[in-house]
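This is what each chain is made of:
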Amino acid sequence: YAEIENFDTQIIKQTPKINVFNIADAFARKDKVKAWIFYREAIKVGSSPEAISGMLFWKIKTMILNHNRVFSLDILRKQSSEIISLHHQAHKGEIDFVVGLEQFILNSLS
């Protein structure tokens, strides 16, 4: 025999989507102000810093492979190393990931 059970449906709050590709594109153009504004908007609506750092890491790797002319190869390799170590430091609890990633964006584009 079977019973009919009613399950309450949870209302899922939808957050506005922010395109994190905009952050990566502004970063690749070395547009410090737009990259920072897009980053702050993404954090404000709840985007995870892991997703943003992953997107930036992907963009840096792509620029290395495509021999980007905005950044030198040495700078791109340094940025790649920095963003990886930032990720590890944040997950060890040594730094706040949101603040560290913001500093990475601002320092890399100075």
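See the structure printed just above.
All figures in this text were calculated on a predicted structure; none of them were measured in a lab.

Draft legend 1. Seen up close, the overall build of the protein. The number of helices and strands found in the protein is 5 helices and 0 strands. N-terminal to C-terminal, the α/β element order of the protein is α-α-α-α-α. At 18 Å, the protein has a C-alpha radius of gyration far larger than the 13 Å of a compact globule built from 110 residues. Taken over the C-alpha atoms alone, the protein extends approximately 70 × 30 × 25 Å along its principal axes. The proportion of buried residues among the 110 residues of the protein is 30%. Contacts in the protein between residues far apart in sequence, at least 24 positions, make up 66% of those at least 6 positions apart.

Draft legend 2. Just the pattern of salt bridges, in detail. Per the counting criterion, the structure on display carries 3 salt bridges. The salt bridge involving Lys59 is made with Asp25; its shortest N-O contact spans 3.6 Å. Placement of the pair is Lys59 in helix 3 (residues 49-65) and Asp25 in helix 1 (residues 21-28), with a sequence separation of 34 residues. Using a relative accessible area of 15% as the deciding quantity, one classes Lys59 as buried. Asp25 sits in the partly exposed class, given a relative accessible area of 30%. Among the ionic pairs, Glu82 bridges to Lys78, the shortest N-O distance being 3.3 Å. With Glu82 and Lys78 both in helix 4 (residues 73-92) and 4 residues apart, the pair spans about one turn of that helix.

Draft legend 3. Geometry of the environment of Ala51. With respect to the helices, strands and loops of the structure, Ala51 is situated in helix 3. Linking Ala51 and Lys78, residues 27 residues apart in sequence, is a C-alpha distance of 20 Å.

Draft legend 4. Focus on the packing of aromatic side chains. Across all of its chains, the model carries 3 aromatic pairs by this definition. When the ring of Phe21 is compared with that of Trp58, the centres are 6.0 Å apart and the planes differ by 90°; the resulting orientation is edge-to-face. With a gap of 37 residues between them, Phe21 in helix 1 and Trp58 in helix 3 connect regions that are remote in the sequence. You can call Trp58 partly exposed: its relative accessible area is 38%. Both rings, one in Phe27 and one in Phe104, keep their centres 6.0 Å apart while their planes meet at 15°; by these two values the pair is stacked. In this pair, Phe27 sits in helix 1 while Phe104 sits in helix 5 (residues 97-108), placing the two residues 77 residues apart along the sequence. An identical accessibility class is assigned to Phe27 and Phe104; each is buried.

Parameters and conventions
Residues numbered from 1 in each chain as written. Predicted model: local features only at pLDDT ≥ 70, side-chain atom pairs only at ≥ 80, totals over all residues. Heavy atoms only, no water. Helix = DSSP H or I, 4+ residues; strand = E, 2+ residues; numbered from the N terminus. Rg over C-alpha atoms; globule rule 2.2 N^0.38 Å. Buried < 20%, exposed > 50% of the residue type's maximum accessible area, 1.4 Å probe, protein only. Contact = heavy atoms within 4.5 Å. Salt bridge = Lys/Arg side-chain N within 4 Å of Asp/Glu carboxyl O. Phe/Tyr/Trp six-rings, centres within 6.5 Å; stacked < 30°, edge-to-face > 60°.

Without other data, these values stay purely geometric and don't point to any function.
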